[in-house]
Amino acid sequence: MKDKSYFDPDPLMHYYQIHSGEEFVKLYLVKGEFGPKVPEDVKASYKTAEYLMAHSYYHWPMYDEAFWKVLGIYEMAIQFRCKELEIELKTAKGWRKSLDALQKDLIEKLQMEEYLYSFDRIRKLRNDLAHPEIHSFGGGLYKTHIEFIVNFINMIFE
């Protein structure tokens, strides 16, 4: 059997009835449309996630890597927002605060208690991917999560 080229579409594209990279991008790329208050570092990092999504046309599991990248960008965004609001990023012992602790501080500072479920949802997704028990694959199922995270990042900077 001949090895597949890095520039051949993933065979699953046939089953999804996607016939071109352009068609794939229209269906699965989540553009990073961030507001003006979102830090440039977040926007620049998200550009890599966009490329990972687009190039997963050639290797569908790369979409999972794009999702992993977006989860890291979310954590970076939380830290940026905490810094802006002068929320301490370290514990009293000098340890780096966990994402959970930073989110709780941010919720309190911004009076966003009604969004606790949303903060926890993203943190749990991140924790599940950070501590895998077996190899798994989500592919395009992660698209709605990515859209949600982009919108949520925008909201916390409003």
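The rules behind the values
Residues numbered from 1 in each chain as written. Predicted model: local features only at pLDDT ≥ 70, side-chain atom pairs only at ≥ 80, totals over all residues. Heavy atoms only, no water. Axes fitted to C-alpha atoms, helices over the stretch in contact; angles between N-to-C directions. Helix = DSSP H or I, 4+ residues; strand = E, 2+ residues; numbered from the N terminus. Parallel < 35°, antiparallel > 145°, perpendicular 65-115°, else oblique. Left-handed = near helix turned anticlockwise from the far one by under 90°. Contact = heavy atoms within 4.5 Å. Nonpolar A, V, L, I, M, F, W, Y, C, P; charged D, E, K, R; others polar. Core = buried A, V, L, I, M, F, W, Y, C linked by side-chain atoms within 4.5 Å. Buried < 20%, exposed > 50% of the residue type's maximum accessible area, 1.4 Å probe, protein only. pLDDT = per-residue confidence, 0-100. Expected span 1.5 Å × (residues − 1). Arc of directions from axis to C-beta. Phe/Tyr/Trp six-rings, centres within 6.5 Å; stacked < 30°, edge-to-face > 60°. Lys NZ or Arg CZ within 6 Å of the ring centre and 35° of its normal.

### A short note on the packing of helix H5 (residues 99-110) against helix H6 (residues 116-130)
- At a minimum axis separation of 11 Å, H5 and H6 run at an interaxial angle of 165°. Overall, the two elements H5 and H6 adopt an arrangement that is roughly antiparallel. Considering how the two elements wind past one another, H5 and H6 form a crossing that is right-handed. Side by side, H5 and H6 meet where Leu99, Asp100, Gln103, Leu106 and Ile107 of the first sit next to Leu116, Phe119, Asp120, Arg123 and Arg126 of the second.
- In the contact of H5 with H6, the residues fall into five nonpolar, one polar and four charged.

### Some words on the nonpolar core
- Grouped together as the largest cluster of nonpolar side chains are 45 residues, with contacts concentrated most on Tyr46 and Ile153.
- Elements with a minimum of two residues in this core: helix H2 (21-28), helix H3 (40-55), helix H4 (62-84), H5, H6 and helix H7 (143-156).
- The element contributing the most residues to this core is H4, with 10 residues.

### Some words on the confidence of the model for the protein chain
- Here the protein chain shows a mean pLDDT of 93. Residues at 70 or above account for 99%.
- When mean pLDDT is taken per element in the protein chain, H3 scores highest with 98 and H6 scores lowest with 91.

### With respect to H5
- With 12 residues, H5 extends 16 Å from end C-alpha to end C-alpha; this agrees with the ideal 16 Å at 1.5 Å per step.
- Regarding H5, the residues found buried are Leu99, Leu102, Gln103, Leu106 and Ile107. One side of H5 carries all its buried residues, which in axial view fall inside an arc of 135°.
- Elements in contact with the buried residues of H5: H4, H6 and H7.
- Once H5 ends, the next one or two residues include Gln111, with phi positive near 55°.

### A look at the packing of H6 against H7
- Close contact between H6 and H7 brings their axes to 11 Å; oriented N to C, the two are set at 130°. One element, H6, and the other, H7, form an angle in the oblique class. Judged by the twist between their axes, the crossing of H6 over H7 is left-handed. Along the contact surface, H6 presents Ser118, Phe119, Arg121, Ile122 and Leu125, while H7 presents His145, Phe148, Ile149, Phe152 and Ile156.

### Regarding the packing of aromatic side chains
- With the rule as written, the count across this model stands at 15 aromatic pairs.
- Look at Phe24 and Trp60: their rings are 5.3 Å apart centre to centre, the planes differ by 80°, and that puts the pair in the edge-to-face class. Of this pair, Phe24 sits in helix H2 while Trp60 sits in the loop between H3 and H4; the two residues are 36 residues apart in sequence, bridging distant segments of the chain.
- Residue Phe24 is classed as buried on the basis of its relative accessible area, which comes to 0%.
- The rings of Phe7, Tyr16, Phe24, Tyr28, Tyr57, Tyr58, Trp60 and Tyr63 are connected pair by pair, giving a single aromatic cluster.
- Positioned above the aromatic ring of Phe80, the side-chain terminus of Lys83 is 5.4 Å from the ring centre.
- The ring of Phe148 carries the charged tip of Arg121 above its face, separated from the ring centre by 4.1 Å.

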